[in-house]
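One letter stands for each residue in the lines below.
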Amino acid sequence: MAAPGARSCTLSGLLPVQTSLEYALLDAVSQEEKDSLVYQYLRKVDGWEQDLLVPEFPEGLEWLNTEEPISVYKNLNGKVVVLDFFTYCCINCIHLLPDLHALEHTYSDKDGLLIVGVHSAKFPNEKVLDNIKSAILRYDITHPVVNDAEASLWQELEVSCWPTLVILGPRGNMLFSLIGEGHKDKLFLYASIALKYYKDRGQIKDNKIGVKLYKDSLPPSPLLFPGKITVDHVSNRLVIADTGHHRILVVWKNGQIQYSIGGPNPGRKDGQFSESAFNSPQGVAIMNNVIYVADTENHLIRKIDLETETVSTVAGIGVQGTDKEGGAQGEQQPISSPWDVVFGTSGSEGPGGDILWIAMAGTHQIWALLLDDGKLPKKSELQKGTCLRFAGSGNEENRNNAYPHKAGFAQPSGLSLASEDPWNCLFVADSESSTVRTVSLKDGAVKHLVGGERDPMNLFAFGDVDGVGINAKLQHPLGVTWDQKRNLLYVADSYNHKIKIVDPKAKNCTTLAGTGHTSSVTTSGFMEATFNEPGGLCIGENSQLLYVADTNNHQIKVMDLETKTISVLPVFRSENAVVDGPLQVENQKTPPKLPKSAACVTLSPVAASPGQTLQLKLKLSLPSGTKLTEGVTSCWFLTAEGSRGSHQNMETQKCKERHLKQTLNPKGLFLKPV
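Counting of residues starts from 1 at the beginning of each chain's written sequence and follows it residue by residue. pLDDT decides what is reported in this predicted model: residues at 70 or higher carry local features, side-chain atom pairs at 80 or more are listed and counted, and totals for whole chains, interfaces and linings draw on all residues regardless. Based on all heavy atoms of the structure, the side-chain values leave hydrogens and waters out of the count.

The protein chain goes by NHL repeat-containing protein 2 isoform X2 in an unreviewed UniProt entry, where it is assigned to Erinaceus europaeus.

Here you go:
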């Protein structure tokens with residue numbers, strides 16, 4: 001509710017006077033002139049008979065990064081306050097965060113300025129407090145955030161889009177609003193002059209606001225918000241974008257780390273592995289010992305050479321670009337928030353490797369980086385290093401069109417290539433339209449596959465429904481991967497916490513794994529499995545295994561598509577120490593002493609190489625008329641010659657068929673049930 005004596009508390013009350021100010025600023029030449037115009041504006045607004053007061057935060061809302069709920073008229077009295085209306089999925093909101101970080105580093109609450117994030121969710125999944133917690137950790141948000149799940153303050157102020165900033169004076173009086181991204185200069189100008197104006201009148205207080213950062217209570221973990229993963233089919237390795245640790249991991253299939261590149265802090269630096277730095281990297285693609293990385297928050301495409309152990313920049317200038325055409329050489333071409341990358345070819349067949357396709361989330365387009373001289377569909381010959389738009393107008397839409405430049409995407413975040421006929425296309429996880437789309441590699445035509453609806457302007461057609469075409473519903477999908485063997489597409493339906501499977505011929509979309517509930521508990525079966533905003537996935541082992549970056553669970557899940565079982569990939573150094581060490585190493589277990597009557601089954605020797613995954617299928621059958629006593633533990637264990645220990649399982653339920661996976665280098669396997 002508004003304080004007594006308030007005028008109409010919508011942003012429209014500011015519009016006429018602020019519009020006049022902004023026209024005057026366009027004609028101002030010097031900084032002194034701009035400062036003076038804003039100071040005079042504040043004198044006018046401050047002299048209104050009644051303040052344009054912001055409503056109080058509703059009672060009962062959940063708060064983060066604070067010791068207690070905040071009141072506009074109790075805690076924020078005497079402060080210049082910046083309210084940031086945001087939703088954490090929105091790329092424009094993400095683009096605004098560096099401006100807010102810079103403002104916080106310039107002015108603190110002791111100086112009289114405070115930023116408060118007002119999270120006003122677009123998707124149902126974004127209303128959940130734990131998911132907002134994960135987002136503020138991912139984006140290093142350290143100011144107070146309130147979860148306005150029903151967008152009550154948004155509605156009262158008649159906010160119209162994400163992001164919107166509202167700057168308040170020390171009485172809760174609204175002074176300015178800024179809509180959208182790209183207003184850093186105005187933000188600093190308005191905030192700094194507001195501080196000066198009210199300090200001159202003795203209305204600024206230097207009291208501190210009690211802050212309690214959620215990140216301070218988070219235990220360390222081997223992975224932190226891993227965003228994407230890919231497989232090197234030649235060398236038996238995986239490449240993981242360990243996004244929250246700002247690094248790239250190259251690991252063997254058993255989880256043992258070969259290379260850790262960058263991290264743990266964000267940065268931008270080329271050079272040797274030991275000195276290189278990334279900032280929230282996402283998409284990764286590997287071929288011939290070279291990895292290309294979508295270095296998302298640096299707005300760069302980076303190249304990792306595993307032979308020379310060096311990192312270099314191949315596209316982007318290190319700041320967010322607004323160019324929606326491109327065409328310059330990579331290192332001179334500004335780009336915006338690349339989110340995924342995949343190799344392609346300028347030829348008509350084969351996966352190739354002379355084009356790097358880029359999901360350019362920041363400009364809602366699909367771009368290409370030429371890794372060799374070549375040509376794009378319906379394009380003339382292009383030089384190596386050219387970086388340019390391939391599909392998408394740059395408007396945020398769900399628009400399909402035979403002409404690629406007239407099509408519209410909405411924050412494309414995942415790519416996969418099906419180069420073979422009859423597909424010959426890129427599959428695109430278009431997150432903000434909650435669709436999967438295709439882009440033809442023959443003529444660039446953009447077509448709908450599943451999700452969304454026919455209205456290209458409706459970006460709210462989301463849900464969790466298995467079905468065909470637009471009758472299927474997704475919620476902010478972030479990843480796709482193509483199974484060439486089965487002619488199927490796997491989708492990380494991120495905000496539904498599921499992995500789904502799409503038959504592109506029938507346009508049929510069904511749930512493969514996931515209950516839709518979030519949990520870090522790992523279960524063995526697909527339908528009992530739980531994920532938490534999975535962001536990326538890839539397929540390996542001749543289409544037997546699906547690797548999933550289970551982002552908010554800080555894990556890589558391994559899905560066996562044949563046995564329908566799921567396990568967690570351990571991540572460890574060669575000396576068996578978990579990287580970044582958060583997970584406590586279990587004490588070495590001592591096998592139980594076997595009674596003389598215990599049966600012993602010896603299997604035939606199995607040839608295996610280091611790092612190879614072996615699968616043992618165990619089925620226990622009880623004699624007729626007998627059963628296990630509920631609540632009483634039974635025990636079996638196996639040993640392997642040459643392994644470092646035995647492998648145990650405690651079973652308290654009825655004996656069932658079970659699947660075991662262990663990475664071993666055995667001369668033989670011995671199973672000894674008790």
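Don't stop here, the text continues.
### Quick look at the sheet that holds strand E9 (residues 247–252)
Threshold: Pairs of strands are assigned from DSSP output, requiring at least two bridges between the strands. Numbering of helices and strands starts at the N terminus; helices are DSSP runs of H or I of at least 4 residues and strands are runs of E of at least 2. In this analysis an axis means a line fitted to C-alpha atoms, helices contributing only their contacting stretch, and an angle means the value between N-to-C directions, from 0 to 180 degrees.
In space, the four strands of this open sheet follow the order E7-E8-E9-E10, with antiparallel pairing throughout. At either end of the open sheet lies a strand with only one pairing partner, and these are strand E7 (228–232) and strand E10 (257–262). On average, each strand axis in the sheet is inclined to that of its neighbour by 15°, with strand direction left out of account.

### Comments concerning the packing of aromatic side chains
Threshold: Stacked, edge-to-face and tilted labels apply to pairs of Phe, Tyr and Trp rings (six-membered ring for Trp) whose centres lie within 6.5 Å, assigned for plane angles under 30 degrees, over 60, and everything in between, in that order. Summary of the burial criterion: residues with accessible area below 20% of their type's maximum are buried, those above 50% are exposed, and those between are partly exposed, where the area comes from a 1.4 Å probe applied to protein chains only. Definition used: whenever NZ (Lys) or CZ (Arg) falls within 6 Å of the ring centre and also within 35 degrees of the ring normal, the charge is taken to sit over that ring.
Tallied over the full model, the rule gives 16 aromatic pairs. For the pair tryptophan 357 and phenylalanine 390, a centre-to-centre distance of 4.9 Å together with 50° between the ring planes defines the contact as tilted. Taken together, the positions of tryptophan 357 in strand E18 (residues 355–360) and phenylalanine 390 in strand E20 (residues 386–391) put the pair 33 residues apart, joining distant regions of the chain. Pair check on accessibility: tryptophan 357 and phenylalanine 390 agree, each one buried. Each member of the aromatic cluster is reached from another via a ring pair, and the members are Tyr88, Phe123, Trp154, Trp162, Phe460, Phe462 and Tyr495. When the ring centre of phenylalanine 225 is taken as origin, the NZ or CZ atom of arginine 138, which lies over that ring, is 5.6 Å away.

### Observations regarding the pattern of salt bridges
Applicable threshold: Salt bridges are defined by distance alone: a side-chain nitrogen of Lys or Arg within 4 Å of a carboxyl oxygen of Asp or Glu.
Summed over all chains, the structure comprises 22 salt bridges. Notably, a salt bridge pairs glutamate 533 with arginine 138, separated by 3.9 Å at the nearest N-O pair. In this pair, glutamate 533 is assigned in the loop between strand E29 (508–513) and strand E30 (536–540) and arginine 138 in helix H4 (residues 129–138), connecting sequence segments 395 residues apart. Judged by its relative accessible area of 4%, glutamate 533 is buried. Note that arginine 437 is salt-bridged to aspartate 430, the shortest N-O span being 2.8 Å.

### Quick notes on helix H2 (residues 31–46)
Spelled out, the test is: Multiplying 1.5 Å by the helix residue count minus one yields the expected span of that helix. Note that the arc is defined by the directions from the helix axis to the C-beta atoms. In what follows, a contact means two residues having at least one pair of non-hydrogen atoms within 4.5 Å.
If you check H2, its first and last C-alpha atoms are 22 Å apart, about what 16 residues at 1.5 Å a residue would give, namely 22 Å. When we look at burial in H2, the residues that qualify are Val38, Tyr39, Tyr41, Leu42, Val45 and Asp46. Viewed along the axis of H2, the buried residues span an arc of 160°, placing them on a single side of the element. Pointing more than 90 degrees away from the buried face of H2 are the exposed residues Glu32 and Lys44. Its buried side turned inward, H2 meets helix H1 (15–27), strand E6 (174–179) and helix H6 (184–200).

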